[in-house]
Amino acid sequence: MDYRLIKKVSDIITENILTPIIYMLEDEYTVEFVCFCDLNIEAEKFIETKMKLTELLGKEIVLLDIREYDEVDRMKVIQEGEIIYTAHPAFEKLFAMSTAEDIRRSSIEKAELLKRYNSSGSVYLQ
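Source: prediction; values computed, not measured.

Peer 1: Looking at this structure, I do not really get the packing of helix H3 (residues 71–80) against helix H4 (residues 90–120). What am I missing?
Peer 2: Direction vectors running N to C along H3 and H4 enclose 150°, while the axes themselves pass 9 Å from each other. In terms of axis orientation, H3 runs roughly antiparallel to H4. Crossing of H3 over H4 shows left-handed handedness. Seen from H3, the contacting residues are Glu71, Val72, Arg74, Met75 and Ile78; seen from H4, they are Phe95, Ala96, Thr99, Ala100, Asp102, Ile103 and Ser106.

Peer 1: It is not clear to me how helix H1 (residues 3–16) should be interpreted in this structure. Could you clarify?
Peer 2: Count 3.6 residues to each turn of an α-helix, and residues three or four apart come out pointing the same way. With 14 residues, H1 extends 20 Å from end C-alpha to end C-alpha; this agrees with the ideal 20 Å at 1.5 Å per step. Here the buried face of H1 lies against strand S1 (21–26), strand S2 (30–35), helix H2 (43–57), strand S3 (60–65) and strand S4 (82–86).

Peer 1: I'm lost on the sheet that holds S1 in this one. Help?
Peer 2: Where strands meet in a sheet, backbone hydrogen bonds hold them as pairs that are either parallel or antiparallel. Read from one edge to the other, the open sheet built from four strands follows the order S3-S2-S1-S4, with strand pairing classed as mixed. Strands at the two margins of the open sheet, each flanked by one partner only, are S3 and S4. Within this sheet the neighbouring strands show an average axis-to-axis angle of 20°, counted without direction. As judged from the four bridges shared by S1 and S4, these two strands associate in the antiparallel manner. Its bridge partner lying in S4, Met24 is registered against Glu82. Against the sheet, H1 touches S1, S2, S3 and S4, its axis set at about 55° to S4. Across the sheet, H4 touches S1 and S4, and the angle it forms with S1 is around 75°.

So, how was this worked out
- Residues numbered from 1 in each chain as written.
- Predicted model: local features only at pLDDT ≥ 70, side-chain atom pairs only at ≥ 80, totals over all residues.
- Heavy atoms only, no water.
- Axes fitted to C-alpha atoms, helices over the stretch in contact; angles between N-to-C directions.
- Helix = DSSP H or I, 4+ residues; strand = E, 2+ residues; numbered from the N terminus.
- Parallel < 35°, antiparallel > 145°, perpendicular 65-115°, else oblique.
- Left-handed = near helix turned anticlockwise from the far one by under 90°.
- Contact = heavy atoms within 4.5 Å.
- Expected span 1.5 Å × (residues − 1).
- Pairing = 2+ DSSP bridges.

Remember that the coordinates give geometry; whether it matters functionally is a separate question.
Written as structure tokens, this is what we have:
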């Protein structure tokens, strides 16, 4: 996708959906736009924005809030996705650090559950 088209896409998304960052993952048939969306955005706005993007790009569009992903999938989006918009360059680093911290916290919780299971035979507190 060329710069002008990416600029149009990011303008459409930011005009309709308040987001500080937009990642794009593209393949032959679909384009996935992953945003960090304002929780007050109504579903109609997502549908309207998706229709505008589909019309502009002529491909199937997937428009998602990154909070719908688990920690590992968020990190995959950060590593493999192309940032097409950021309100401030620091958001990219802050978001990556936050996701890394979520993964670390999740692995600690998993280790604690395994430790509890190995010592008591149950993951539940007894």
